[in-house]
Amino acid sequence: MEEIQSQSDHYRSSSSSASSPASRVPSSNFFYLRKPGALRQPISFEDSPDWDDTDIEVKVEEGGADSIRASLVWKDLTVTIKGKRKYSDKVIKSSNGYALPGTMTVIMGPPSREKSTLKSSCRLPDSARIYGEVFVNGVKSRMPYGSYGFVERETTLIGSLTVREYLYSALLQLPGFLSKKRSAVEDAILAMSLGDYANKLIGGHCYMKGLPSGERRRVTIARELVMRPHILFIDEPLYHLDSVSALLMMVTLKKLANTGCTLMFTIYQSSTEVFGLFDRICLLSNGNTLFFGETLACLQHFSNAGFPCPIMQSPSDHFLRAINTDFDRIIAMCKNWQDDHGELSSVNMDTAVAIRTLEATYKSSADAAAVENMVLRLTDKEGPTLKSKGKANFVAKIAVLTWRSLLIMSREWKYYWLRLILYMFLALCIGTVFSGLGHSLSSVGTRVAAVFVFVSFTSLLSIAGVPAQLKEIKIYACEEANQHSGTFVFLIGQLLSSIPFLFLLSVSSSLVFYFLIGLRDDFSLLMYFTLNFFMCLLVNEGLVLLVATICQNIFWSIIMLVTIH
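In this text, all values refer to a predicted model and were calculated from it rather than measured experimentally.

What counts as what
- Residues numbered from 1 in each chain as written.
- Predicted model: local features only at pLDDT ≥ 70, side-chain atom pairs only at ≥ 80, totals over all residues.
- Heavy atoms only, no water.
- Helix = DSSP H or I, 4+ residues; strand = E, 2+ residues; numbered from the N terminus.
- Buried < 20%, exposed > 50% of the residue type's maximum accessible area, 1.4 Å probe, protein only.
- Areas by Shrake-Rupley, 256 points an atom, 1.4 Å probe, with all protein chains shown as cover.
- 1 Å grid on protein atoms, 1.4 Å probe; cavity = no way out; pocket = protein on both sides within 12 Å on 5 of 7 lines; lining within 4 Å.
- Points joined across faces, edges and corners; volume = space filled by probe spheres on them.
- Nonpolar A, V, L, I, M, F, W, Y, C, P; charged D, E, K, R; others polar.
- Pairing = 2+ DSSP bridges.
- Right-handed = clockwise from strand over helix to strand, strands pointing away.
- Phe/Tyr/Trp six-rings, centres within 6.5 Å; stacked < 30°, edge-to-face > 60°.
- Axes fitted to C-alpha atoms, helices over the stretch in contact; angles between N-to-C directions.
- Parallel < 35°, antiparallel > 145°, perpendicular 65-115°, else oblique.
- Left-handed = near helix turned anticlockwise from the far one by under 90°.
- Contact = heavy atoms within 4.5 Å.
- Core = buried A, V, L, I, M, F, W, Y, C linked by side-chain atoms within 4.5 Å.

Chemist: Can you tell me about the overall build of the protein, naming the residues and giving the values?
Modeler: Assigned secondary structure in the protein consists of 19 helices and 12 strands. A total of 565 residues make up the protein; the buried ones form 49% of that total. Here the protein has roughly 27,400 Å² of accessible surface; of this, 59% comes from carbon and sulfur atoms.

This is how it looks when you write it as structure tokens:
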């Protein structure tokens, strides 16, 4: 502890003299604590790994396609997004970099879309155009299905399912036998340390709390790990996580990377402990690459450019302070405010000047030359080709979707159980209004009117299921983006799963209505009326599902359905 205190005192004394631009030079006594628990053995810049010693060979172990490791390289990558003017917005500008097996490569920068664009270059929208080259194991080609996984920043989870049940819905993705699929699910649970939560409901039930945010985030990652991908892209893995959950998440991902998986993700901000777990960092601002390389080398790069990181400040906070133009507005608002330590910020120059300085320093540095050399070495020789792992067949997808929807519908009281209460109440009201009509010829018109009112109002009440349908449509949209499902399969599965509940609704409400208005006491006629009512509900349910899938908005879905009715 005395050694740490002496180092801190030495840094404080040296940082005061470093406040002027002329004195901003790297110090040989600058230390950075790379990993938690390493307080007594601080790591200096001299201890950072040598570029030339980096192992870039892609090893192929025995055991089939799952043992193949994948490296990802992007060379002179430029991405433009269609804006007000045709493809005028350059999100990525001539970026070079790579991600190696068994490592975590983080893309960091101010809140903007270039980080997610670089990470998701394998599945860009139609409004984007890509220039440059992307290599997988030295081969310029698209990544086949199943070789990569993609985790969105905000993924809709099914709260009425347990963790294991939710992951079993990944059977949508996998071909082969059920035993192999079950082992993939159990392996994903083990990899993300979800064993204690495997049988708990994701969203909770009644007075039971659901999973914490950290465990929910790990469930979304486990959903993609079921495919056993070679490369895993994650958008903001620490989104909405506290410091403890964030550290636990990164430790789990570090263990996953040690198995040979290539991890690549975006992060806006992180603590010092989390930062120490990264292998490489790609720093972006306004589409320009300000640095790519080892995490410790990035600290040295900032020191060389004149922006050394203070010993008591998180490196990610320091990086973003220097390259985020939003801080200029804050400094302009508070330019007359002073605290006990002098200025509000350790970075005195304008952010735009800092970005240009960092970019120019990086382009002329040995780090940029080392990246270009590494890119050439990785693309010089072709490695093993990644092959598609195949998809589940049409029948298996429908069966899984039907099973999943049955579980959701049986546990969500807003889905059909609320409608059952409403149908019974409506049948009771209409039945009492038209009760005792008799069987005379003059009462035929009244009985027809009663049946019309009953069927019309019960069909209209099916709109109450639109909010629940939209929740499942959001889940389907995520699955479709990852090529796990399709529109036709989703519609068929939803319609089949609704049959038992619609039959229950039709039988229960028909019995109340049929005998209250005094129709003929004949079982065959009762069944004929019930089956007709059931078919009306089934057709109407298909209509609701189709309109909700097309509109995907609760307001417009209800307007459309009311107009059609």
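Chemist: Please give an account of empty space enclosed by the protein that cites residues and values.
Modeler: A complete count under the given rule lists 2 cavities of 30 Å³ or more for this structure. By volume, the largest cavity amounts to about 150 Å³. If you go around the largest cavity, you meet 14 residues; those closest to its centre are T155, R223, E224, C478 and N482. Breaking the lining of the largest cavity down by element, the ones donating at least two residues are β8 (148–151), α5 (213–225) and α16 (466–481). Looking at the lining of the largest cavity residue by residue, the class counts come to 5 nonpolar, 5 polar and 4 charged. Considered as a void within the structure, the second largest cavity measures approximately 90 Å³ in volume. Around the second largest cavity, the lining residues are Y145, G146, Y148, G149, F150, Q173, E224, M227, N482, Q483 and H484. For the lining of the second largest cavity, the element with the most residues is β8, which contributes 3 residues. Within the lining of the second largest cavity, the residues separate by chemical class into 4 nonpolar, 6 polar and 1 charged.

Chemist: An account of the layout of surface pockets is needed here, citing residue identities and associated values.
Modeler: Here the second largest pocket is characterised by a volume of approximately 610 Å³. Forming the boundary of the second largest pocket are 26 residues, of which T155, T156, L157, I158 and R216 lie nearest the centre. Elements with a minimum of two residues in the lining of the second largest pocket: α5, α14 (413–433) and α16. In terms of residue count, the dominant contributor to the lining of the second largest pocket is α16 (5 residues).

Chemist: Account for unusual backbone geometry, naming residues and giving values.
Modeler: The phi dihedral of N137 is positive, around 55°, even though this residue is not glycine. Considering the arrangement of structural elements, one finds N137 in the loop between β6 (128–136) and β7 (139–140). By relative accessible area, N137 is classed as buried at 1%.

Chemist: Account for the pairing of strand β5 (residues 104–108), with residues named and values stated.
Modeler: Burial analysis of β5 places 5 of its 5 residues in the buried class, which makes it a mostly covered element. Residues M104, V106 and M108 line one face of β5 and the alternating positions T105 and I107 line the opposite face, and both faces are buried. The pairing of β5 with strand β10 (residues 262–267) spans 5 bridges and is parallel. For T105, the partnering residue across the bridge sits in β10 and is M264. Here β5 pairs with strand β11 (residues 280–285) via 4 bridges, running parallel. By the bridge assignment for β11, T105 is matched with R280.

Chemist: Lay out the pairing of strand β9 (residues 231–235) in plain terms, naming residues and giving numbers.
Modeler: Within β9, 5 of the 5 residues are buried, which leaves the element mostly enclosed by the surrounding structure. Burial along β9 is two-sided: the residues I231, F233 and D235 and L232 and I234 are all buried. With 5 bridges joining them, β9 and β10 adopt parallel strand pairing. Among the inter-strand pairings, I234 is bridged to a residue of β10, identified as F265. For the crossover from β9 across helix α6 (residues 243–258) to β10, the handedness is right-handed.

Chemist: Which residues make up the packing of aromatic side chains, and what are the values?
Modeler: For the coordinates displayed, the defined rule picks out 20 aromatic pairs. Their ring planes at 5° and their centres at 5.2 Å tell us that Y416 and F501 sit as a pair that is stacked. Remark: F501 occurs in helix α17 (residues 487–516) and Y416 occurs in helix α14; sequence separation between them is 85 residues. The class for Y416 is buried, based on a relative accessible area of 1%. Accessibility expressed as a relative area gives 10% for F501, which makes it buried. On the basis of an interplanar angle of 80° and a centroid distance of 5.7 Å, the ring pair of F503 and F534 is categorised as edge-to-face. Note that F503 is positioned in helix α17 and F534 in helix α18 (residues 523–551), a separation of 31 residues in sequence. Exposure remark for F503: the relative accessible area of 37% places this residue in the partly exposed category. Members of the aromatic cluster, connected to one another through ring pairs, are F454, F513, Y514, F515, F529 and F533.

Chemist: Tell me what's going on with the packing of α14 against α17, and back it up with residues and numbers.
Modeler: Interaxial distance between α14 and α17 falls to 9 Å at its minimum, and their mutual angle equals 20°. Put simply, α14 runs roughly parallel to α17. In this structure, α14 meets α17 at a crossing whose hand is right-handed. Contact with α14, carried on its side by Y415, Y416, W417, R419, L420, Y423, M424, A427, L428, I430, G431 and T432, involves Q494, S498, F501, L502, L504, L505, S508, S509, V512, F513 and L516 of α17 and no other residues of that element. Taken together, the residues of the contact of α14 with α17 break down into 16 nonpolar, 6 polar and 1 charged.

Chemist: Break down the nonpolar core for me, citing the residues and quoting the values.
Modeler: M250, L253 and F278 are the most contacted members of the largest nonpolar core, which totals 134 residues. Ranked by residue count, the leading element in this core is α14, at 7 residues. Apart from the residues lying within four places of it in its own chain, the contact partners of M250 are M104, L238, F265, I267, V274, L277 and F278. Counting residues in hydrophobic clusters, the runner-up holds 12 residues, among them L470, F490, L545 and A548.

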